[in-house]
Amino acid sequence: MERRERGLLENIDWTTILTYLALVFIGWISIYSAVYDEAHKSILDLDARYGKQLIWIGVSLLIALFILVIDPKFFSQTSYLWYGIFIVMLLAVLAVGSETKGAKSWFGVGDFGIQPSEFAKATTALALAKILSGIDVDMKNLRTKFAAITIVAIPMLLVLLQNDTGSALVFFVFVLVLFREGLSLSVLIFGAAMAILFVLSLVINPYVLIGILFVITIIIWRLNRKRKLSIWLCLGLFVFAAGVVLSVEYVYDNALESHQKDRIEVLLGQKSDPKGVEYNVNQSKIAIGSGGFFGKGFLKGTQTKYNFVPEQDTDFIFCTIGEEWGFVGSVFVIGLYLYLMVRLIKMAERQRSKFSRVYGYCVTSILFAHFTINIGMTIGLLPVIGIPLPFISYGGSSLMAFTLLLFIFVRQDASRMDLV
Amino acid sequence: MKNTLSSRRFIIMGIIITVGIIYIIRLLFLQVFDDSYAQLANRNALRFVTQYPARGLIYDRKGELLVYNELVYDLMVIPRQVKNLDTALLCELVGIDKEQFLTRMKKAVTYSSYAPSSFEKQISKEDFGPIQEKLYMFPGFYAQSRTLRYYPHAVASHVLGYVGEVNENMIKKNPYYKKGDYIGMSGMEKYYEEILRGTKGSKITLVDVHNREKGSFQNGKYDTASIAGSNLYSSIDLQLQLYAEKLMANKRGSIVAIEPSTGEILCFVSAPFYDPNMLVGRVRGNNYMKLLHDISKPLFNRALMAEYPPGSIFKVAQAMIALDMGVIYPDTGFPCDKSLVGCHNHPSASNVRDAIKMSCNPYFYRVYQKIIQQKDPTTQKVESKYGLSIWDEAMYKLGFGKRLGIDLPDSKSGFIPDTSFYNRYYKGGGWNFFTIYSNSIGQGEVGVIPLQMANFAAIVANRGWYITPHLVRYYGDENLKKRNTQYVKKNFSMIPQSYWNLAVEGMWGVVHEGGGTARRAMIEDIAVCGKTGTAQNVGADHSVFICFAPKDNPKIAISVYVENAAGGGGTWAAPIASLLVEKYIRGEVLRKEMEETYINAAPCQSLPLRRYVQKSESD
């Protein structure tokens, strides 16, 4: 027992934990700055958001500690159980949850609320890791693919039903994990091509676009004549693409809600509405842009503090960093994330257990999705999708869920030398 | 196989790092290359609040206050903050009904729920008292003070002018002014705008998204204080002005009185006048329209803008010019030949002095003939063109036919016709003395504003010179008055003093001798020198009188013009001028009965359509 403890401390990846602590600390002072008020200066005021966040940080650290001391096998053994529990929770929240900003995703208890969808990402990661670490699993196998997709699709659909499109989108990122585990590259390329086609169909007249696609098809066919690329395959792909283009409009008009369409159109420059839909993004860009190279300094931000930026301590927390710490601070935070994600990939690759490896990739992918969507939104590169910035945004569920997600992997990693 | 899949980590890392780099490049553009966001952020969070300076006060020559600033209150409302409002009580205090309350609230909400808008404007101190007491009961409402011009004596409206909000054009012309600023619109308020207004300051405050103030920007480092405007110490004598307005109360016309030795204007009346307080604050709009559409044109400054025919007072100037040109001599006599031009019954004048005293029309017909029909020294031919041109020059020197340069805006120049005018008027130049002789007696084409008439009285009083009439003696602080050095130069007529003495004697005769036309202007103990005029026009004759007193070392020179007051200058204008002289020199008027008569008299007959009336409409 004593030997194992020492082994644990030696094997824990401290740089990951330090990076985690740095991000949490940056989050806390950013929340303090975002809601800072001359009248209530105490950073320990538990009535204020930064005070509450301090409680969440404390609770999260306790959770982290707890995870580090329990048997790592606990999670691989109980992953389906957790997955099941949270599927039930997601169903329950649909029935009895409370609604915030159009999304019915909360269990409210007084001031505090719990958002099961934040945790569902972690439990899905566990279940996915579990199913992919089974014997006779091969991504080329249709059954495996089907099982993996089902594991991801169920919580994703339930989150979508809560009207929390942002969180649902995050589940798409598991495709990276599947890719690492053997899913064909063409699926990734196909996904990317579909995304590009989707955006293009919104920007360009569909018939013009189909014409362009036809020309491209001809060119590809001509260039590949020597490889005897079937003209039928080319034509088939062309017909499929044309079908996608023609159906995008229908899907777009019927499947998306008007505020989502607005956000996309604003981003594509097809719609201008500075007081309405464009407001958030504009104010966000103004806040970040006005930070300049070195920023305005701690507590000196005017845009975030005086509420020009909406949600300045949750989804738009990056604005506070951009405004007060400038380009230097923003790049530092982005650097921390990149460092953490690359580090996690390296850690995943050194796992002897397949469960740990798949789980490590899941953690990285989820962080990557949040990082990309959240920051992309604040700097005006992606449409407004309300999901938190990991470890930094205000919110108990989010912070606890990400801590849980990360430390389960840190725990797995710490015992990577153990026999599987 | 395993190795191939493991190498896929590089693709995934590549994707992650690519996204990171794209974001860093984007931030580089947002934060480093593009500084427009910093400006947008300032536009968001900084409010430049103008600090308005107090406008300078205006005093009369004895230190009596003519214009001051009074604190009024605007009741402001921030609709978002209105809570548990006792509507009935508020309506009662402000003096509006519920419907008005609802429209105003609706208007405020339409403007902004978060930003303040004015609910009731310019509540006087007295009315605001009870509101102030209960203001704590109306969250969302607060008071904002500002100053308005007030006129304690309700006097001299045309001199003081009024202050109003700047319009688009003024803002375009002068970038100092911003929307909502006040500016002098007429009178001294306009002429001395830059002295009176002071310098605006500015305070920068931080505001949040709801426009709530969040404190000063960088501890007020960039704030500037406002500098109060300078006071004006005018030459107006409040008591005389009040008295003059009392005399003109039921009349149309004007009075201008000047201190001859300094050119300082003692009183300046254009009747009908109005209470300057009418053009202040909430009531301005309605009152302004009322005054604008009044057929007697109370907004029209007659003393400065009405180009009247001067009538017989013009003869004094004609005599001086003719003497100076050497076309007549002090003892030149002309018979009163009524076949030339109509006249009243009097013995023929045998010299200039008597001609002035008796105001003989045929005499001045001949005098003007001598002036106009002169030999041109270059061509040695008698040509009206030459005579008229040197007559013009002489008239300009006496302050006629040109802007005098008083410190009031929009002065007219009067009109002394010149050759080019007559060439246009009589197409092809078919004019000569016989077509223009009416000018000789102050009729015809000549036009003179009452200010010029008073100035001419001052020239005679000074025996040949004047200082440009003006209204401001000093400006600046109470303790640091600066002399208005704009008006110290004496303008000489270049006509010998001995000739002027003839005019003085003649004008003394007008008032004091048998056969004089203004015996009613005589005052015991005070030697008044005057000249009457009866100006024919489309309607009933105008009654005109200029005078100065005392004869030696004159203290006051006056012109009185009463429009359409059938009866000559001696009947209305002369006694009014006489009362003013007594008031100014003696300090009180002993002739109470006469005073009462002329205060109550309303001699002006109904208004015919006249040139200047139509003109003023388009002004």
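Enquirer: Mind showing me how you'd approach the sheet that holds strand β19 (residues 529-535) of chain B here?
Expert: Strand pairing in a sheet takes place through backbone hydrogen bonds and is either antiparallel or parallel in direction. Residues and elements named next belong to chain B. The strand order across the open sheet formed by 5 strands is β12-β11-β21-β20-β19, and the pairing between neighbours is antiparallel. At either end of the open sheet lies a strand with only one pairing partner, and these are β12 (264-271) and β19. Adjacent strand axes in the sheet meet at a mean angle of 5 degrees when their direction is disregarded. Bridging between strand β11 (residues 253-259) and strand β21 (residues 556-562) involves 6 bridges; their strand directions are antiparallel. Paired with Val 256 across the strands is Ser 559, a residue of β21.

Enquirer: Can you walk me through the environment of Lys 200 of chain B in this structure?
Expert: Residue and element names in this part refer to chain B. Relative to the helices and strands, Lys 200 resides in the loop between α9 (193-197) and β8 (201-207). Given 17 C-beta atoms within a 10 Å radius, Lys 200 is considered partly exposed. The spacing of Lys 200 and Ala 54 is 146 residues in sequence and 9.3 Å in space, taken between C-alpha atoms. With near-sequence residues (within four places) excluded, Lys 200 lies in contact with Thr 50, Gln 51, Tyr 52, Pro 53 and Ser 226.

Enquirer: In this structure, what is going on with helix α6 (residues 142-161) of chain A? I would like to understand it.
Expert: All names here are of chain A. Compared with the 28 Å implied by 1.5 Å per residue over 20 residues, the 27 Å span of α6 between its first and last C-alpha is a close match. Burial in α6 covers these residues: Thr 144, Ala 148, Ile 151, Val 152, Pro 155, Met 156, Leu 158 and Val 159. Each element contacted by the buried residues of α6 is listed here: α4 (73-96), α5 (116-132), α7 (165-170) and α8 (174-180). Just downstream of α6, Asn 163 is the residue with a positive phi angle, here 75 degrees.

Enquirer: Please explain the environment of Glu 349 of chain A as it appears in this structure.
Expert: All names here are of chain A. In this structure, Glu 349 sits in helix α14 (residues 317-349). You can call Glu 349 partly exposed: it has 14 C-beta atoms within 10 Å. Taking the C-alpha atoms as reference, Glu 349 lies 8.8 Å from Tyr 361; in sequence the two are 12 residues apart.

Enquirer: Please clarify how unusual backbone geometry should be interpreted in this entry.
Expert: In most cases, non-glycine residues show a negative phi, while peptide bonds are predominantly trans. Residues and elements named next belong to chain B. Here the bond from Ala 271 into Pro 272 is cis, since omega is 0 degrees, no more than 30 degrees from zero. Checked against the element boundaries, Pro 272 lands in the loop between β12 and α11 (284-293). For the peptide bond that leads from Ala 549 to Pro 550, omega is -15 degrees, which places it in the cis range. Positionally, Pro 550 belongs in the loop between β20 (542-549) and β21. Not every positive phi belongs to a glycine, and Ala 156 is a case in point at roughly 60 degrees. Mapped onto the fold, Ala 156 is located in the loop between β5 (141-150) and α6 (157-160).

Enquirer: It is not clear to me how the pairing of β19 of chain B should be interpreted in this structure. Could you clarify?
Expert: Along any regular strand, the residues point their side chains to alternate faces of the sheet. Residues and elements named next belong to chain B. Burial within β19 is extensive, with 7 of its 7 residues counted as buried. Because side chains alternate across β19, one face comprises the buried residues Cys 529, Lys 531, Gly 533 and Ala 535, and the other comprises Gly 530, Thr 532 and Thr 534, equally buried. Relative to β20, β19 is paired through 7 bridges, and the arrangement is antiparallel. Opposite Lys 531, over in β20, you have Ile 546 as the bridge partner. Between β19 and the antiparallel strand that follows it, β20, lie 6 residues.

Enquirer: Explain the sheet that holds β8 of chain B to me, please; I cannot follow it from the model alone.
Expert: All names here are of chain B. Spatially, 3 strands are ordered β1-β8-β9 in an open sheet, and the strand pairing comes out antiparallel. A strand with exactly one partner marks an edge of an open sheet, and here the two such strands are β1 (46-51) and β9 (213-216). Mean inter-strand twist for the sheet, computed between neighbouring axes without regard to direction, equals 40 degrees. Judged from the 6 bridges that link them, β1 and β8 form a sheet pairing that is antiparallel. Within β8, the position partnered with Gln 51 by the bridge is Gly 201.

Enquirer: Would you mind showing me how to read the interface of chain A and chain B here?
Expert: It is common to give the size of an interface as the accessible area that goes away when the parts come together. Every contact between the two is made by 34 residues of chain A and, on the other side, 30 residues of chain B. Among the elements of the structure, α8, α13 (277-289), α14 and α15 (354-378) of chain A are those that each provide at least two residues to the side of chain A that touches chain B. Looking at the side of chain A that touches chain B residue by residue, the class counts come to 19 nonpolar, 12 polar and 3 charged.

Enquirer: What exactly am I supposed to notice about the packing of α4 of chain A against α6 of chain A here?
Expert: Between two packed helices, the angle of one axis relative to the other and the distance separating the axes together describe the packing. Residue and element names in this part refer to chain A. Orientation of α4 relative to α6, taken along the N-to-C sense of each, is 15 degrees, at an axis distance of 10 Å. Comparing the axis directions of α4 and α6 gives the class roughly parallel. Where α4 crosses over α6, the handedness of that crossing is left-handed. Of the residues in α6, those in contact with Ile 87, Leu 90, Leu 91 and Leu 94 of α4 are Ile 154, Pro 155, Leu 158, Val 159 and Leu 161. By residue class, the composition of the contact of α4 with α6 is 9 nonpolar, no polar and no charged.

Cut-offs applied
- Residues numbered from 1 in each chain as written.
- Chains lettered and ligands numbered in written order.
- Predicted model: local features only at pLDDT ≥ 70, side-chain atom pairs only at ≥ 80, totals over all residues.
- Pairing = 2+ DSSP bridges.
- Helix = DSSP H or I, 4+ residues; strand = E, 2+ residues; numbered from the N terminus.
- Axes fitted to C-alpha atoms, helices over the stretch in contact; angles between N-to-C directions.
- Buried ≥ 20, exposed ≤ 12 C-beta atoms within 10 Å, placed from the backbone.
- Contact = placed C-beta atoms within 7 Å.
- Expected span 1.5 Å × (residues − 1).
- Nonpolar A, V, L, I, M, F, W, Y, C, P; charged D, E, K, R; others polar.
- Parallel < 35°, antiparallel > 145°, perpendicular 65-115°, else oblique.
- Left-handed = near helix turned anticlockwise from the far one by under 90°.

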